[in-house]
Amino acid sequence: MLEINVGENDIIFLKGRFDAAQVETAKSHLEKVTETCTLDFSELEYISSAGLGVLIATYQRLNKDGHKIKLRNMSKLVRDVFKFSRLDTLFEIE
Amino acid sequence: MNELTIKREIESLELIVKLIEKFVIQHKLDNQTSYLLNLSAEELFTNMVKYSREGTGDINIILSFDKNKVMMKFKDHGVDEFDITKAREPDFDASLEDKRIGGLGIHLVKEMMDKVEYEYKDRTSIITVFKNVEK
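All values reported here derive from a predicted model rather than from experimental measurement.

S.K.: Help me understand the overall build of chain B, please; the structure alone is not making it clear to me.
M.R.: For chain B, the helix and strand inventory stands at three helices and five strands. Reading chain B from its N end, one meets helices and strands in the order β-α-α-β-β-α-β-β. Dimensions along the principal axes, computed over C-alpha positions, put chain B at roughly 40 × 35 × 25 Å. Within chain B, the fraction of its 135 residues that count as buried is 33%. Pairs at least 24 residues apart make up 62% of the contacts formed inside chain B by residues separated by at least 6 positions.

Right, dumping it as C-alpha coordinates:
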(Lines give C-alpha, C1' and ligand atoms only; values in the text may rest on other atoms or scores of the structure.)
Protein backbone atom coordinates (compact mmCIF):
# COMPACT_ATOMS: atom_id res chain seq x y z
CA MET A 1 0.00 0.00 0.00
CA LEU A 2 1.23 3.50 -0.85
CA GLU A 3 0.17 6.66 0.99
CA ILE A 4 0.86 10.10 -0.41
CA ASN A 5 0.37 13.20 1.72
CA VAL A 6 1.26 16.84 1.23
CA GLY A 7 2.95 18.46 4.24
CA GLU A 8 4.36 21.86 5.12
CA ASN A 9 5.99 23.85 2.30
CA ASP A 10 4.15 21.59 -0.18
CA ILE A 11 6.59 18.74 0.46
CA ILE A 12 5.06 15.48 -0.77
CA PHE A 13 5.54 12.53 1.59
CA LEU A 14 5.45 8.99 0.20
CA LYS A 15 4.89 6.14 2.64
CA GLY A 16 4.89 2.37 2.12
CA ARG A 17 5.35 0.39 -1.10
CA PHE A 18 5.58 2.06 -4.50
CA ASP A 19 5.07 -0.99 -6.70
CA ALA A 20 3.26 -1.82 -9.93
CA ALA A 21 -0.06 -2.16 -8.11
CA GLN A 22 0.23 1.45 -6.84
CA VAL A 23 0.97 3.17 -10.13
CA GLU A 24 -2.54 4.55 -10.64
CA THR A 25 -2.71 5.83 -7.03
CA ALA A 26 0.62 7.61 -7.46
CA LYS A 27 -0.28 9.04 -10.85
CA SER A 28 -3.55 10.47 -9.53
CA HIS A 29 -1.61 12.41 -6.86
CA LEU A 30 1.43 13.43 -8.87
CA GLU A 31 -0.61 14.59 -11.89
CA LYS A 32 -1.84 17.45 -9.69
CA VAL A 33 1.71 18.75 -9.26
CA THR A 34 2.42 21.64 -11.64
CA GLU A 35 5.55 23.27 -10.21
CA THR A 36 8.98 22.30 -8.84
CA CYS A 37 8.39 19.97 -5.91
CA THR A 38 10.19 17.97 -3.24
CA LEU A 39 9.31 14.33 -2.60
CA ASP A 40 10.22 13.01 0.85
CA PHE A 41 11.06 9.29 0.92
CA SER A 42 11.79 8.91 4.65
CA GLU A 43 8.88 6.47 5.03
CA LEU A 44 9.08 4.92 1.59
CA GLU A 45 10.00 1.29 2.21
CA TYR A 46 10.14 0.05 -1.36
CA ILE A 47 10.22 1.20 -4.97
CA SER A 48 10.39 -0.85 -8.18
CA SER A 49 10.87 0.11 -11.84
CA ALA A 50 7.11 0.76 -12.02
CA GLY A 51 7.51 3.47 -9.37
CA LEU A 52 10.58 4.87 -11.11
CA GLY A 53 8.52 5.06 -14.30
CA VAL A 54 5.94 7.30 -12.63
CA LEU A 55 8.68 9.56 -11.24
CA ILE A 56 10.36 9.83 -14.65
CA ALA A 57 7.06 10.65 -16.37
CA THR A 58 6.33 13.32 -13.73
CA TYR A 59 9.81 14.78 -14.16
CA GLN A 60 9.39 14.90 -17.94
CA ARG A 61 6.01 16.65 -17.71
CA LEU A 62 7.28 19.26 -15.23
CA ASN A 63 10.55 19.76 -17.07
CA LYS A 64 8.71 20.96 -20.19
CA ASP A 65 7.68 24.04 -18.18
CA GLY A 66 11.08 24.48 -16.55
CA HIS A 67 10.17 22.79 -13.27
CA LYS A 68 11.86 19.85 -11.57
CA ILE A 69 11.54 17.19 -8.84
CA LYS A 70 13.82 16.99 -5.83
CA LEU A 71 14.04 13.73 -3.87
CA ARG A 72 15.12 13.53 -0.25
CA ASN A 73 15.58 11.16 2.71
CA MET A 74 15.95 7.91 0.77
CA SER A 75 16.78 4.71 2.62
CA LYS A 76 19.89 2.88 1.48
CA LEU A 77 17.83 0.14 -0.18
CA VAL A 78 15.71 2.62 -2.16
CA ARG A 79 18.84 4.56 -3.11
CA ASP A 80 20.39 1.31 -4.41
CA VAL A 81 17.48 0.95 -6.84
CA PHE A 82 18.17 4.48 -8.14
CA LYS A 83 21.88 3.67 -8.33
CA PHE A 84 21.47 0.41 -10.25
CA SER A 85 19.00 2.19 -12.56
CA ARG A 86 21.63 4.91 -13.01
CA LEU A 87 19.02 7.50 -12.07
CA ASP A 88 20.93 8.66 -8.99
CA THR A 89 22.94 11.07 -11.09
CA LEU A 90 19.96 12.30 -13.13
CA PHE A 91 17.52 13.14 -10.33
CA GLU A 92 18.40 15.79 -7.77
CA ILE A 93 18.73 13.77 -4.55
CA GLU A 94 19.30 15.44 -1.19
CA MET B 1 9.87 -25.08 -0.06
CA ASN B 2 7.29 -22.33 -0.55
CA GLU B 3 5.08 -22.43 -3.62
CA LEU B 4 2.31 -20.35 -5.11
CA THR B 5 0.17 -20.53 -8.25
CA ILE B 6 -1.25 -17.21 -9.36
CA LYS B 7 -3.30 -15.72 -12.15
CA ARG B 8 -1.67 -13.57 -14.82
CA GLU B 9 -2.98 -10.25 -13.48
CA ILE B 10 -1.35 -7.38 -11.60
CA GLU B 11 -3.66 -7.91 -8.60
CA SER B 12 -1.76 -11.16 -7.89
CA LEU B 13 1.26 -9.08 -6.83
CA GLU B 14 -0.20 -8.85 -3.34
CA LEU B 15 -0.09 -12.66 -3.02
CA ILE B 16 3.58 -12.69 -4.07
CA VAL B 17 4.39 -10.06 -1.43
CA LYS B 18 2.74 -12.25 1.23
CA LEU B 19 4.57 -15.37 0.06
CA ILE B 20 7.95 -13.58 0.28
CA GLU B 21 7.10 -12.06 3.67
CA LYS B 22 6.39 -15.54 5.06
CA PHE B 23 9.56 -16.97 3.47
CA VAL B 24 11.73 -14.15 4.88
CA ILE B 25 10.39 -14.70 8.40
CA GLN B 26 10.73 -18.49 8.13
CA HIS B 27 14.42 -18.28 7.17
CA LYS B 28 15.26 -15.15 9.21
CA LEU B 29 16.51 -13.28 6.15
CA ASP B 30 17.65 -9.65 6.41
CA ASN B 31 15.96 -6.52 5.03
CA GLN B 32 18.24 -6.31 2.03
CA THR B 33 17.52 -9.89 0.92
CA SER B 34 13.82 -9.29 1.50
CA TYR B 35 13.95 -6.17 -0.68
CA LEU B 36 15.84 -7.94 -3.47
CA LEU B 37 13.40 -10.86 -3.49
CA ASN B 38 10.43 -8.48 -3.61
CA LEU B 39 12.00 -6.45 -6.40
CA SER B 40 13.03 -9.45 -8.51
CA ALA B 41 9.66 -11.13 -8.06
CA GLU B 42 7.76 -7.99 -9.02
CA GLU B 43 9.91 -7.21 -12.05
CA LEU B 44 9.75 -10.78 -13.38
CA PHE B 45 6.04 -11.16 -12.70
CA THR B 46 4.97 -7.79 -14.15
CA ASN B 47 7.04 -8.58 -17.24
CA MET B 48 5.06 -11.79 -17.65
CA VAL B 49 1.76 -9.95 -17.19
CA LYS B 50 2.73 -7.21 -19.66
CA TYR B 51 4.47 -9.16 -22.40
CA SER B 52 2.84 -12.59 -22.29
CA ARG B 53 -0.80 -11.59 -22.38
CA GLU B 54 -1.50 -14.54 -24.64
CA GLY B 55 -0.27 -16.93 -21.94
CA THR B 56 -2.77 -19.73 -21.50
CA GLY B 57 -1.94 -20.85 -17.99
CA ASP B 58 -1.31 -19.58 -14.51
CA ILE B 59 2.15 -18.72 -13.21
CA ASN B 60 3.97 -20.84 -10.59
CA ILE B 61 6.45 -19.37 -8.12
CA ILE B 62 8.77 -21.55 -6.05
CA LEU B 63 11.07 -20.27 -3.30
CA SER B 64 13.69 -22.33 -1.55
CA PHE B 65 16.62 -21.74 0.78
CA ASP B 66 19.61 -24.04 1.03
CA LYS B 67 23.26 -23.59 2.06
CA ASN B 68 22.91 -19.82 2.45
CA LYS B 69 21.49 -19.47 -1.04
CA VAL B 70 17.99 -18.32 -1.92
CA MET B 71 16.45 -19.65 -5.12
CA MET B 72 13.30 -18.21 -6.69
CA LYS B 73 11.78 -19.86 -9.74
CA PHE B 74 8.97 -18.62 -12.02
CA LYS B 75 7.19 -20.95 -14.44
CA ASP B 76 5.12 -19.12 -17.05
CA HIS B 77 2.94 -21.56 -19.00
CA GLY B 78 1.67 -21.38 -22.58
CA VAL B 79 3.90 -18.51 -23.72
CA ASP B 80 6.38 -17.71 -26.48
CA GLU B 81 10.07 -17.90 -25.73
CA PHE B 82 11.69 -14.76 -24.33
CA ASP B 83 15.15 -15.23 -22.86
CA ILE B 84 15.52 -12.41 -20.35
CA THR B 85 19.23 -13.14 -19.94
CA LYS B 86 19.63 -11.90 -23.54
CA ALA B 87 17.23 -8.97 -23.24
CA ARG B 88 18.46 -5.61 -24.54
CA GLU B 89 19.77 -3.22 -21.90
CA PRO B 90 17.97 0.10 -21.34
CA ASP B 91 19.45 3.21 -22.94
CA PHE B 92 21.48 4.58 -20.04
CA ASP B 93 22.88 7.40 -22.15
CA ALA B 94 19.47 9.00 -22.61
CA SER B 95 18.90 12.17 -20.62
CA LEU B 96 16.12 12.18 -18.05
CA GLU B 97 14.04 14.15 -20.57
CA ASP B 98 14.25 11.30 -23.10
CA LYS B 99 14.37 8.42 -20.64
CA ARG B 100 12.14 5.38 -21.21
CA ILE B 101 11.53 2.75 -18.56
CA GLY B 102 11.53 -0.26 -20.93
CA GLY B 103 13.97 -2.99 -19.94
CA LEU B 104 14.85 -1.38 -16.63
CA GLY B 105 13.12 -3.99 -14.47
CA ILE B 106 14.98 -6.90 -16.03
CA HIS B 107 18.23 -4.93 -15.81
CA LEU B 108 17.64 -4.46 -12.06
CA VAL B 109 17.07 -8.20 -11.57
CA LYS B 110 20.30 -9.04 -13.41
CA GLU B 111 22.27 -6.39 -11.49
CA MET B 112 20.98 -7.14 -8.02
CA MET B 113 20.73 -10.95 -8.01
CA ASP B 114 23.82 -13.19 -8.14
CA LYS B 115 22.65 -15.41 -10.97
CA VAL B 116 19.75 -15.50 -13.47
CA GLU B 117 18.92 -18.59 -15.53
CA TYR B 118 16.43 -19.05 -18.37
CA GLU B 119 15.00 -22.26 -19.75
CA TYR B 120 12.21 -22.83 -22.31
CA LYS B 121 10.42 -26.10 -22.86
CA ASP B 122 6.90 -27.25 -23.73
CA ARG B 123 5.85 -23.62 -24.25
CA THR B 124 6.83 -22.82 -20.68
CA SER B 125 9.32 -20.09 -19.75
CA ILE B 126 11.25 -20.96 -16.60
CA ILE B 127 13.22 -18.17 -14.95
CA THR B 128 15.35 -18.94 -11.90
CA VAL B 129 17.20 -16.34 -9.85
CA PHE B 130 19.70 -16.95 -7.05
CA LYS B 131 20.98 -14.79 -4.21
CA ASN B 132 23.74 -15.70 -1.80
CA VAL B 133 22.92 -14.71 1.76
CA GLU B 134 25.32 -14.01 4.60
CA LYS B 135 23.90 -15.30 7.87
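S.K.: Teacher, can you tell me more about the packing of helix α1 (residues 23–30) of chain A against helix α2 (residues 49–63) of chain A here?
M.R.: Any two packed helices are characterised by the angle at which their axes cross and by the distance between the axes. Residue and element names in this part refer to chain A. Across the interface, α1 lies against α2 with an axial gap of 10 Å and an inter-helix angle of 20 degrees. The angle between α1 and α2 places the two elements in the roughly parallel class. Crossing of α1 over α2 shows right-handed handedness. Residue-level contacts link V23, A26, K27 and L30 of α1 to A50, G51, V54 and T58 of α2. The residue makeup of the contact of α1 with α2, split by class, is five nonpolar, two polar and one charged.

S.K.: Any chance you could explain helix α2 (residues 31–51) of chain B here in plain terms?
M.R.: Residues spaced three or four apart along an α-helix point in a common direction, a consequence of the helix completing one turn every 3.6 residues. An ideal rise of 1.5 Å per residue puts 30 Å on 21 residues; α2(B) measures up with 30 Å between its terminal C-alpha atoms. Buried residues dominate α2(B), accounting for 16 of its 21 residues.

S.K.: Would you explain the sheet that holds strand β4 (residues 115–121) of chain B in this entry?
M.R.: The strands making up a sheet are joined through hydrogen bonds of the backbone, oriented either antiparallel or parallel. Residues and elements named next belong to chain B. Read across the sheet, five strands follow the order β1-β2-β3-β5-β4 without closing on themselves; strand pairing throughout is antiparallel. Because the sheet does not close on itself, it has two edges, and the strands there are β1 (2–6) and β4. Looking at each pair of strands side by side, their axes are set apart by 15 degrees on average, direction ignored. Set on the sheet, helix α1 (residues 13–26) makes contact with β1 and β2 (59–66); between it and β1 the angle comes to about 175 degrees. The strands touched by α2 are β2, β3 (69–77) and β5 (124–132); relative to β3, the strand with the most contacts, the crossing angle is about 10 degrees.

S.K.: Please explain the interface of chain A and chain B as it appears in this structure.
M.R.: The partner chain B presents 21 residues to the 19 residues of chain A that form the contact. Tallied by class, residues from the side of chain A that touches chain B come to eleven nonpolar, six polar and two charged.

S.K.: Can you walk me through the environment of M113(B) in this structure?
M.R.: Residue and element names in this part refer to chain B. Along the chain, the position of M113 falls in the loop between α3 (104–112) and β4. According to the C-beta neighbour criterion, M113 is partly exposed, with 19 such atoms within 10 Å. Leave out the neighbours within four places in its chain, and M113 touches L36, S40, V129, F130 and K131.

S.K.: Even after reading the chapter, I still don't get the pairing of β2(B), so can you show me in this structure?
M.R.: Successive residues of a regular strand alternate their side chains across the two faces of the sheet. All names here are of chain B. A one-sided burial pattern is seen for β2, the buried positions being I59, I61, L63 and F65 and the unburied ones N60, I62, S64 and D66. Sheet analysis places β2 next to β3, joined by eight bridges and oriented antiparallel. By the bridge assignment for β3, I61 is matched with F74. Remark: two residues form the turn of the hairpin made by β2 and β3, two consecutive strands paired antiparallel; K67 in that turn has positive phi of roughly 50 degrees.

S.K.: What should I look at first to understand the environment of N5(A) in this one?
M.R.: Within the fold, N5(A) resides in strand β1 (residues 2–6). In this structure, the C-alpha to C-alpha distance between N5(A) and S49(A), residues 44 residues apart in sequence, is 22 Å.

S.K.: Even after reading the chapter, I still don't get α2(A), so can you show me in this structure?
M.R.: Here α2(A) spans 20 Å end to end across 15 residues, near enough to the 21 Å set by a 1.5 Å rise per residue. Every buried residue of α2(A) is listed here: S49(A), A50(A), G51(A), L52(A), G53(A), V54(A), L55(A), I56(A), T58(A) and Y59(A). Summarising the contacts, the buried residues of α2(A) are in contact with β2 (12–18), α1, β3 (37–47) and β4 (69–72) of chain A together with α2 and α3 of chain B.

The rules behind each value
Residues numbered from 1 in each chain as written. Chains lettered and ligands numbered in written order. Predicted model: local features only at pLDDT ≥ 70, side-chain atom pairs only at ≥ 80, totals over all residues. Helix = DSSP H or I, 4+ residues; strand = E, 2+ residues; numbered from the N terminus. Buried ≥ 20, exposed ≤ 12 C-beta atoms within 10 Å, placed from the backbone. Contact = placed C-beta atoms within 7 Å. Axes fitted to C-alpha atoms, helices over the stretch in contact; angles between N-to-C directions. Parallel < 35°, antiparallel > 145°, perpendicular 65-115°, else oblique. Left-handed = near helix turned anticlockwise from the far one by under 90°. Nonpolar A, V, L, I, M, F, W, Y, C, P; charged D, E, K, R; others polar. Expected span 1.5 Å × (residues − 1). Pairing = 2+ DSSP bridges.

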